[in-house]
Amino acid sequence: MVVHGGNRGHVSSAAAPVRDGDSSGDAEYLLGSSRAERERLLAQCALLRPASATLLDGIPLPSNAKVLDLGCGPLGILDLLSERVGPTGEVTGLDTDHRMIGWARESVTELALGNVEVRHGALPPTTAAEALYDLAHCRLLLINTTHPRRILDSMAAAVRTGGWVAVQELDWATWQCDPPHPAWSRLKDLLAQVFGGDVHIGARLPGLVREAGLTDVRTSAHTYYWQPGDRYQTLLLSFAGLFRDRLLRHTPLTSQELDSLISTLRDHLGRPHTTVRESLLVQVRARKP
Ligand SMILES: C[S@@+](CC[C@H](N)C(=O)[O-])C[C@H]1O[C@@H](n2cnc3c(N)ncnc32)[C@H](O)[C@@H]1O
């Protein structure tokens, strides 16, 4: 495991079961597609770039590789994939959100990624799949859906025999503040209930890719530490704002209780020695036999 920064943290709570919804439609991305979410995701791309590059280092690709970034958002790892496959390769970015696709196109133009094509849509179901790709990758997609198994099955079906599936997802278990605070634990537990996907899915990735029929599974993980002034020190508070309506609708919290939790936690996170240890970024790569 690679740990960035110093300091320490505390491991928390038991994981929720992986859900796989019955609905055939794609669940809405609950964090939305505002300008602020675009900016948050692009900053996160920069943060996760070295870890994602390390993941790709372990995946040998042919010189004219065809690769996919599923749920690419405004950039995902399209830039990294573009470098890896070079001018004779092809990179496809797919996303079910029209605004994200517009922003991904902006990124492709700004970065002059000549070998990248971005398309709106999801992967076809396994029954209609064509095994086109040498690598199908997704990052922070499964944590936001209620049907991770179906998506992994489609990714496995979309790669050729001997090709690769690579997945990067978070596990909120390591997301803690030190010193601990009851307002952190309460807000985090309530947010986990309304987040829309399994916030501990990172822990289950090796098993899930095996269930999708993939072999040669390799797993690694990265985490990060924050202190007051770092943008991710207060990410839990940002999520509390984004999910305010859902928290009030789907949990016993009243509006005053939520405001009081947020303000208590803001004070605690702003104290000079409060450290936040980020969720664990779990990376899995596996092959199609
Ligand atoms: C948290 S963002 C991650 C974006 C990008 N992968 C990254 O790491 O920066 C999740 C993205 O997945 C997209 N998405 C959700 N469900 C999807 C699906 N079934 N197929 C393709 N994209 C999907 C959302 O629209 C959103 O842009």
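Residues numbered from 1 in each chain as written. Predicted model: local features only at pLDDT ≥ 70, side-chain atom pairs only at ≥ 80, totals over all residues. Heavy atoms only, no water.

**Side note on the packing of aromatic side chains**
In the structure shown here, the tally under the stated rule is 10 aromatic pairs. Taken together, a centroid distance of 6.0 Å and an interplanar angle of 5° make the contact between Tyr224 and Trp226 stacked. With respect to burial, Tyr224 and Trp226 carry one shared label: buried. Members of the aromatic cluster, connected to one another through ring pairs, are Trp172, Trp175, Trp184, Phe195, Phe239 and Phe243. Sitting over the ring of Tyr232, Arg231 keeps its end group 5.6 Å from the ring centre. (Phe/Tyr/Trp six-rings, centres within 6.5 Å; stacked < 30°, edge-to-face > 60°. Buried < 20%, exposed > 50% of the residue type's maximum accessible area, 1.4 Å probe, protein only. Lys NZ or Arg CZ within 6 Å of the ring centre and 35° of its normal.)

**Considerations on the sheet that holds strand E9 (residues 225-226)**
Strand order in the open sheet formed by 3 strands is E7-E10-E9, with antiparallel pairing between adjacent strands. Bordering the open sheet on either side are strand E7 (176-178) and E9, each of which pairs with just one other strand. In this structure, E7 lies alongside strand E10 (residues 275-277), joined through 3 bridges in antiparallel fashion. Note on E10: the bridge partner recorded for Gln176 is Arg277. (Pairing = 2+ DSSP bridges. Helix = DSSP H or I, 4+ residues; strand = E, 2+ residues; numbered from the N terminus.)

**So, unusual backbone geometry**
Across the junction of Asp178 and Pro179, the peptide omega takes the value 0°, indicating a cis bond. Even without glycine at this site, Leu140 takes up a positive phi of about 55°. Looking at where Leu140 falls in the secondary structure, it is placed in the loop between strand E5 (133-139) and helix H4 (148-158). What makes Leu140 buried here is its relative accessible area of 15%. If you check the backbone angles, Asp216 has positive phi at about 50° while not being a glycine. Looking at where Asp216 falls in the secondary structure, it is placed in strand E8 (residues 215-223).

**Focus on the nonpolar core**
Counting residues in hydrophobic clusters, the biggest one holds 63 residues, and the most contacted among them are Leu70, Met155, Leu187 and Leu191. With 6 residues, helix H5 (residues 182-194) is the single largest residue contributor to this core. If we ignore the near neighbours within four places in the chain, the residues touching Leu70 are Leu94, Leu123, His137, Cys138, Arg139, Leu141, Ile151 and Met155. Of all hydrophobic cores here, the second largest spans 24 residues; its members include Leu78, Leu80, Val85 and Val108. (Core = buried A, V, L, I, M, F, W, Y, C linked by side-chain atoms within 4.5 Å. Contact = heavy atoms within 4.5 Å.)

**Focus: the environment of Ala157**
Here Ala157 shows up in helix H4. Discounting residues that sit within four places of it in the chain, Ala157 has contacts with Thr126, Ala129, Glu130, Ala131 and Lys288.

**As for the confidence of the model for the chain**
With 89% of its residues at a pLDDT of 70 or more, the chain has an overall mean of 90. Scored below 50 in pLDDT, residues 1-19 makes 52 contacts in the model with residues more than four places away or belonging to other chains. Low confidence marks residues 21-27, where pLDDT is under 50. Its contacts with residues over four positions away, or in another chain, come to 13 contacts. (pLDDT = per-residue confidence, 0-100.)

**Some remarks on the pairing of E5**
Counted residue by residue, E5 has 7 buried out of 7 residues, so it is predominantly covered. For strand E2 (residues 66-70) and E5, the ladder comprises 4 bridges, and the chain directions are parallel. Bridging across to E5, Leu68 finds its partner in Ala136. Where E5 lies against strand E6 (residues 159-171), 6 bridges are found, and the strand directions are parallel. Bridging from a neighbouring strand, Ala136 pairs with Val165 of E6.

**Points about the pattern of salt bridges**
One side chain can pair with another of opposite charge once the charged atoms of both are near each other. Under the counting rule described, the total for this entry stands at 12 salt bridges. Across the pair Asp57 and Arg84 runs a salt bridge, and its minimum N-O distance is 2.7 Å. Placement of the pair is Asp57 in helix H1 (residues 35-57) and Arg84 in helix H2 (residues 78-85), with a sequence separation of 27 residues. Here Arg160 and Asp134 are joined by a salt bridge, their closest N and O atoms 2.3 Å apart. Of this pair, Arg160 sits in strand E6 while Asp134 sits in strand E5, and the two are 26 residues apart along the sequence. Taking the relative accessible area as the measure of exposure, Arg160 reaches 30% and is therefore partly exposed. When its relative accessible area of 8% is taken as the criterion, Asp134 is described as buried. (Salt bridge = Lys/Arg side-chain N within 4 Å of Asp/Glu carboxyl O.)

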